[in-house]
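Given next are the chains, with one letter for each unit.
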Amino acid sequence: MEYVNTLIHWPGPFFLIGGTIIGFIFGILPGLGGLQVLALLTPLTFGMDPQYAFILLIGAMGAVPAGGSVSAILINTPGTSQNVAAALDGYPLTQQGKAGYALGASVWSSCLGGIFGAAILMMLIPVTRKVVLAFSYPEFFMLALLGICSISALSTGNRWKGLISGFLGLFLTIIGSDPIVGIPRLDFGIDYLSDGIKLIPVVIGVYAITEAVDLLLKGEAISAIKIETSIKDIFSGAFEILRNWFLFIRCSIIGVIIGIIPGIGGVVANFLAYSHAVQTEKNGKFGCGDVRGVIAPESAINAKDGGALVPTLTFGIPGSAEMAILLGALTIHGLEPGPKLLNSSILYNIVWTLVISNILVALLITFSSKYLCLITQIQVRFVAPIIFTLGILGAYATDGLWEDVIAAFIFGIVGLAMKRLGYSRVCLIIALVLGAIIEQNLYLTLSSMGIAGFFERPISLGLFIVTVLITISPLLPKIKRKRKCHVC
Amino acid sequence: MFKMNTGKYIFILMLIITLGFVAGCGANTKKAEKEKSLSGNIELFVGFPAGGSFDLLARLLTPYLQQNLPETNIIVKNIPGGDGVLGVNELYKAKPDGHSLALFSLPGNTLKQATGETTWDLRECTWIAQVVKTPYLGVVSGKSGINSFDDLKKLDRIRVGTIGINSTTGINSILVAEKTGLNFKLIAHQGGGDAMLACIRGDVDFIEYPYATCQQNIEQGNLKPIVIFSDKRMEELPNVPTIVECGYPDLANVGIIYAIGGTPGISKETADILSEAFQKSINNPEYIKKMKDVGMDVIYKDGEGMKEVIEQQLNDFKDAKTIIDKYSK
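Residues numbered from 1 in each chain as written. Chains lettered and ligands numbered in written order. Predicted model: local features only at pLDDT ≥ 70, side-chain atom pairs only at ≥ 80, totals over all residues. Heavy atoms only, no water.

Enquirer: Outline the overall build of chain A, supporting the account with residue identities and numerical values.
Expert: Per the secondary structure count, chain A includes 23 helices and two strands. Each of the 488 residues in chain A was classed as buried or not, and the buried ones make up 63%. Look at the contacts in chain A between residues 6 or more apart in sequence, and 78% of them connect residues 24 or more apart. For chain A, the exposed surface amounts to about 17600 Å²; the carbon and sulfur share of it is 71%. (Helix = DSSP H or I, 4+ residues; strand = E, 2+ residues; numbered from the N terminus. Buried < 20%, exposed > 50% of the residue type's maximum accessible area, 1.4 Å probe, protein only. Contact = heavy atoms within 4.5 Å. Areas by Shrake-Rupley, 256 points an atom, 1.4 Å probe, with all protein chains shown as cover.)

Here it is, written out as structure tokens:
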């Protein structure tokens, strides 16, 4: 109750609303996201009352994914790398003049997914330790392998082109330092490449820059259909969550599980949830504007934050990159992250702030959707340069390196070629994210457990069986698969 | 190619404005300033991402540095990559005017030089001060049957969790293996948290980390400390023997050092000003307490002392490349 008072009475609401708005803005801008907003805000909280510091930081962190989805859906430019899957069906819906409908499904899936993740976190408190320790190298490997095999599900049109995109992504993960010894490989003597190809410049390149140039080449507005977006459209999209409630719950659970596993990340949760929807939902038109293709990944994104708090609070080990910065902030404010926090009021403070931040950003997007959707009607000669500019600035803002801008340009050219030739950009991203996880955990499993480690552990074995089934399912004649009609 | 000329011109204009803006953001502002003695911006390069202990050390120190260098503006700049190498690269490219400093992580940075992965020489650095020296604590899983360093020695093969192999934790583990003759199998993880979780699970037998990193899990019984790599016992763990008591005095310095250095060639006058400011800041009781609260032990050493440390480490690591190859298989 004390914390509720903090949220209600000034200046609590100021920090909560302010943090939410800042997080939303960071989310909507390509290249900026949770890491950057926390890194920017943390020094500002020095000297603040810890309660208000947490409200500001967690409020901002909770709002980022929803912001990223807005740009993914409206301009096919994910605001953060974990919003890539939202564009697969969200953008086609926008092109069909259903931007409000897509935003409604997205933002309220994200909000409810976040609440779901927070609820699961509270339920898991008595068993957090067992849950986190149940996952080890073989399970991480199998999850990543499952994600890679989902490429076949996410490939549109020619499945072989999707696989080629995937192999290109895997090849890119070789560049950088050997994850075992740390010795550079294929870095061509360039310092920038010593840590490998960074994800954010690639995403900015293959999405923001590619889309900006492609829009200019086409010369048309994003949506050829002129519509008036209303709150009714938003809630129409939100209602789809109720119609697909079981999918929502399953994908939220996927998000929570991925969040619990340290080092896997929101990008994987995004893809796995989308892939799961494609594999399990009947009569799907995924890639052509199927609202379930929006609900699935969006449910997982925010649910993941609740899961990521589990290892963070249980062992003091961050469940994601954002959690690492949050841990630092907690430490600076005199709190010791770890098991002690599980039994303190701080946990409830964090959870409540996450929940309210999710609701606030959903309301923000709902009531501003009419103006947000106007972007789709703007002439391309105005919107394309803005997207391009924001992409470049986002690439630079990542780490303040010119090289990130150059990388974004290069991958912009690659992305444009891929789009024109029908190669899947999302498969490239999936493989780039998962390739390193696969290599690292293959080595760790073989070094510490041997090959038997993959098959002696029940979770690992179960994931292996699922992976095999998913991989061979396209070859089974009795399983009818809908071919998607939109190149992602 | 473009259907509208207007679109083309706007596009080009936005591109020029963007590049100009980015160039302006990235410009070294101190180039526009006259070279005054320590006024204006001082950039402190941190070679790891924001939020970690490395970054935290720098940010906690900044307010005290500002007090002791009142005409300057201290800017902490994160340049992650290459396990701290990129931050040092940036320092060595800067002008030797005292306006660029870096936070070094040793022996990690020294090791990179010893294995030929860098173009710089740490002996040329203008060393300002050592800030932190933390001994490593050897821990095992709380559920393992290992209760002492002697118990560990009885294992035929010891799986040791590290962060990479060509790194601070990697080389420290190798040093322990070489001096004790124990059969270490190094298992490299991406981060300290991963390695610690692996130890808690029992997937690795032994890890070496600062006490602050392991403290919560030790208190919860998830991890068990069996040796401190120091010549004196810790106040917090009075029952944990030192490596010297275990019979290996050569390993009393296994740990991590955080130090401040400037670009090679800084004038003695400027270096003295910086050294004095850092000495006052680092020895500020308030700073020492804050660092203690976050689990880092402030142990000040001046620039001359740091030069000796570097020489010692480079000497210890002269065969590092060969040894690392041996443990990489």
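Enquirer: Talk me through the overall build of chain B; I want residue IDs and the actual numbers.
Expert: What chain B contains, in helices and strands, is 12 helices and 10 strands. Each principal axis of the C-alpha distribution contributes one length, and for chain B these read about 75 × 55 × 40 Å. The burial tally for chain B puts 56% of its 329 residues in the buried class. For chain B, contacts bridging at least 24 residues in sequence account for 76% of all contacts bridging at least 6. Split by element, the accessible area of chain B, about 13900 Å² in all, is 51% carbon and sulfur.

Enquirer: Quick rundown of the packing of helix α8 (residues 137-149) of chain A against helix α21 (residues 425-448) of chain A? Include the residues and the values.
Expert: Residues and elements named next belong to chain A. Where α8 meets α21, the axes come as close as 8 Å, and the angle between the chain directions of the two elements is 150°. Relative to α21, α8 is oriented roughly antiparallel. The two elements α8 and α21 meet at a crossing, and its hand is left-handed. Contacts between α8 and α21 involve Tyr137, Pro138, Phe140, Phe141, Ala144, Leu145, Gly147 and Ile148 on the former and, on the latter, Ile430, Ala431, Leu434, Ile437, Ile438, Asn441, Leu442, Leu444, Thr445 and Ser448. Class assignment of the residues belonging to the contact of α8 with α21 gives a composition of 14 nonpolar, four polar and no charged. (Axes fitted to C-alpha atoms, helices over the stretch in contact; angles between N-to-C directions. Parallel < 35°, antiparallel > 145°, perpendicular 65-115°, else oblique. Left-handed = near helix turned anticlockwise from the far one by under 90°. Nonpolar A, V, L, I, M, F, W, Y, C, P; charged D, E, K, R; others polar.)

Enquirer: Describe a nonpolar patch on the surface, and please don't skip the residues or the numbers.
Expert: All names here are of chain A. On the surface, Leu442, Leu446, Ile451, Phe455, Leu461, Ile465, Val468, Leu469 and Ile472 cluster together into a nonpolar patch covering about 740 Å² of accessible area. Only α21 and α23 (458-472) provide two or more residues apiece to the nonpolar patch. Top element by residues in the nonpolar patch is α23. It accounts for five residues. By the element assignment, Val468 lies in helix α23. (Patch = residues over 30% accessible without salt bridge, like charges linked within 9 Å, V, L, I, M, F, W, Y side chains within 5 Å. Salt bridge = Lys/Arg side-chain N within 4 Å of Asp/Glu carboxyl O.)

Enquirer: Report on the side chain of B:Asn78, specifying residues and quantitative values.
Expert: Residues and elements named next belong to chain B. Summarising the element assignment, Asn78 is placed in strand β2 (residues 72-78). The exposure class of Asn78 is buried, given its relative accessible area of 18%. There is a polar contact of 2.9 Å between the side chain of Asn78 and the backbone oxygen of Phe48. Within the local environment of Asn78, its side chain forms a polar contact with the side chain of Asp55, the two groups lying 2.9 Å apart. (Polar contact = N/O pair within 3.5 Å; in protein donor to acceptor, adjacent residues only side chain to side chain.)

Enquirer: Tell me about the packing of helix α4 (residues 50-75) of chain A against helix α6 (residues 99-124) of chain A, residues and numbers included.
Expert: All names here are of chain A. Packing of α4 against α6 leaves a shortest axis separation of 10 Å and a crossing angle of 155°. Regarding the angle of α4 to α6, the classification is roughly antiparallel. In terms of crossing hand, the pair formed by α4 and α6 is right-handed. Counting all contacts with α4, which are made through Ala66, Ser69, Val70, Ile73 and Leu74, the residues of α6 involved are Ala99, Ala102, Leu103, Ser106, Val107 and Ser110. Its residues placed into classes, the contact of α4 with α6 shows eight nonpolar, three polar and no charged.

Enquirer: Give a description of helix α13 (residues 245-260) of chain A that names residues and reports values.
Expert: Residue and element names in this part refer to chain A. In a regular helix each residue adds 1.5 Å, so 16 residues correspond to 22 Å; α13 covers 23 Å between its end C-alpha atoms and thus fits that length. Among all positions of α13, only Leu247, Phe248, Arg250, Cys251, Ser252, Ile254, Gly255, Val256, Ile258, Gly259 and Ile260 are buried. Taken together, the buried residues of α13 touch α6, α7 (128-133), α8, α12 (231-243), α14 (266-280) and α15 (292-315). (Expected span 1.5 Å × (residues − 1).)

Enquirer: Report on the nonpolar core, specifying residues and quantitative values.
Expert: Of all hydrophobic cores here, the largest spans 134 residues; its most connected members are B:Leu57, B:Phe149, B:Phe184, B:Phe206, B:Phe229, B:Phe278 and B:Tyr287. Broken down by element, this core gets its largest block of residues, 10 residues, from α4(A). Counting residues in each nonpolar core, the second largest holds 56 residues, with A:Ala85, A:Ile148, A:Met418 and A:Ile430 among its members. (Core = buried A, V, L, I, M, F, W, Y, C linked by side-chain atoms within 4.5 Å.)

Enquirer: Quick rundown of the packing of aromatic side chains? Include the residues and the values.
Expert: Residue and element names in this part refer to chain A. Evaluated as defined, the whole model comprises 20 aromatic pairs over all chains. Between the aromatic rings of Tyr274 and Phe286, the centroid separation amounts to 6.0 Å while the plane-to-plane angle is 80°, which identifies the pairing as edge-to-face. Of the two residues, Tyr274 is situated in helix α14 and Phe286 in the loop between α14 and α15; the sequence distance between them amounts to 12 residues. Of the two residues examined, Tyr274 and Phe286, each falls in the buried class. Ring pairs connect the aromatic residues Trp10, Phe14, Phe15 and Tyr52, which therefore count as one cluster. (Phe/Tyr/Trp six-rings, centres within 6.5 Å; stacked < 30°, edge-to-face > 60°.)

Enquirer: An account of the pattern of salt bridges is requested, with residue identities and associated values reported.
Expert: Residue and element names in this part refer to chain A. Evaluated as defined, the whole model comprises 24 salt bridges over all chains. Among the salt bridges present, the one from Asp404 reaches Lys198, with a minimum N-O distance of 3.1 Å. One end of the pair, Asp404, is in helix α20 (residues 402-421); the other, Lys198, is in the loop between β2 (184-185) and α11 (199-218), and 206 residues separate them in sequence. Of the two residues examined, Asp404 and Lys198, each falls in the buried class.

Enquirer: I'd love a proper account of the state of the cysteines, names of residues and values included.
Expert: All names here are of chain A. In total, this model carries zero disulfides over all chains according to the counting rule given. Of all cysteine sulfurs in the structure, the one in Cys111 sits closest to Cys251, which takes part in no disulfide; the separation is 17 Å. Looking at Cys251, the relative accessible area reads 0%, which means it is buried. (Disulfide = S-S within 2.5 Å.)

Enquirer: Would you mind going over the environment of B:Lys318 in detail, with residue names and values included?
Expert: Its place among the elements puts B:Lys318 in the loop between α11 (303-316) and α12 (320-327). For the pair B:Lys318 and B:Ala114, spaced 204 residues apart in the sequence, the C-alpha separation amounts to 6.2 Å.

Enquirer: How would you explain the pairing of strand β8 (residues 223-228) of chain B if you had to name every residue and give the values?
Expert: Within a regular beta strand, the side chains point alternately toward one face of the sheet and then the other, so they alternate between its two faces. Residues and elements named next belong to chain B. The buried fraction of β8 is high, at six of six residues. The pairing of strand β4 (residues 126-141) with β8 spans five bridges and is antiparallel. Counted as the bridge partner of Val139 is Pro225 from β8. (Pairing = 2+ DSSP bridges.)

Enquirer: Break down the environment of B:Gly193 for me, with residues and values.
Expert: All names here are of chain B. Positionally, Gly193 belongs in helix α7 (residues 192-201). Residue classification places Gly193 among the partly exposed residues on the basis of a relative accessible area of 21%. In sequence terms Gly193 and Gly98 are 95 residues apart; their C-alpha atoms lie 35 Å from each other.

Enquirer: I'd like a rundown of the confidence of the model for chain A, residues and numbers included.
Expert: Residues and elements named next belong to chain A. Across chain A, pLDDT averages 83, with 89% of residues at or above 70. Within chain A, the lowest mean pLDDT, 63, falls on helix α17 (residues 339-342), and the highest, 93, falls on helix α22 (residues 453-456). A low-confidence stretch, residues 482-488 (pLDDT under 50), is modelled with 30 contacts involving residues beyond four sequence positions or located in other chains. (pLDDT = per-residue confidence, 0-100.)

Enquirer: Outline α20(A), supporting the account with residue identities and numerical values.
Expert: All names here are of chain A. Helix length check: α20 (20 residues) gives 29 Å between terminal C-alpha atoms against 28 Å at 1.5 Å per residue, within 8%. Where the residues of α20 are buried, they touch α10 (159-174), α11, α19 (380-399) and α21. Just past α20, the residue Gly422 takes up positive phi, approximately 85°.

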